[in-house]
Every structure is written in structure tokens, then in C-alpha cells.
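# What the coordinates show
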Amino acid sequence: MDAIQQHMIDSYRAAQRGELPPPLPGRHDWGVVREARERRRFEAVIAGRPAYGRRWAALRSLLGKLGRSGRSGRSGKSGKLGKCRPSGA
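Residues take numbers from 1 onward in each chain, read along the sequence in its written order. In keeping with the predicted nature of the model, local features appear solely for residues at pLDDT of at least 70, side-chain atom pairs appear and are counted solely at 80 or more, and the whole-chain, interface and lining totals rest on all residues. Note that the side-chain values use all heavy atoms of the structure and ignore hydrogens as well as water.

### Comments concerning the overall build of the protein
Segments assigned H or I by DSSP are reported as helices when at least four residues long, segments assigned E as strands when at least two residues long, and all are numbered from the N terminus. If you tally the helices and strands in the protein, you get three helices and zero strands. For the protein, the sequential pattern of α-helices and β-strands runs α-α-α. The buried share of the protein, taken over its 89 residues, is 3%. Buried means the residue's accessible area, taken with a 1.4 Å probe over protein chains only, is under 20% of the maximum for its type, while exposed means over 50%, and partly exposed covers the values in between.

As C-alpha cells, then:
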């Protein structure tokens, strides 16, 4: 049985009992996702960890480890913008 069929059965049962029908399937999905994210952030604060930026910090850490192992691909130049223009321009 899929969600639509279950919703139809629940709506019929609610109508028989004189109750309000249940919400449509998927109606509150994004609210549940937001609440789960807020709960995870709250638990991080309670545990003494940073609540924001944990993914970026992990990515920076991973990329930093790759860069120190000699796999960064840099040729020793500074890489600043504007270095490829001729000096007379």
C-alpha cells in the first residue's frame, strides 16, 4: 500500500468518525527536515561543539591534509590574480 492509498483510508475513517482528515502525504516534509537540522544543531551546542560550519571545517581539514601530502598541484608560484599580464600594459 502506498501513501496515497493509506491517506484515502485514513480520510474515510476520519469522515466516518466525524474528525478532521489527516494532512496530505508530503505536506510537512520540509518542516520535519528543518526540525531535524535544528535538533542536531541544538545537540551540538549542548555537547560543546560548534553548531555552524562543521561541514566546511571538515572539508577544509581534508583539503589541508591533501595539500600537505604534496598532491596540491601547485608549481611554486603565488597564484595571485593579475600576474599573467605583461609588465608594460
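### Quick word on the confidence of the model for the protein
pLDDT is defined as a per-residue confidence score from the predictor, taking values between 0 and 100. Across the protein, the average pLDDT comes to 80, with 76% of residues at or above 70. For the protein, the element scoring lowest by mean pLDDT is helix H3 (residues 54–68), at 81; helix H1 (residues 3–17) scores highest, at 95.

### Here's the deal with the environment of Asp10
Following the sequence through the fold, Asp10 ends up in helix H1. Along the sequence, Asp10 and Pro22 sit 12 residues apart, while their C-alpha atoms lie 7.0 Å from each other.

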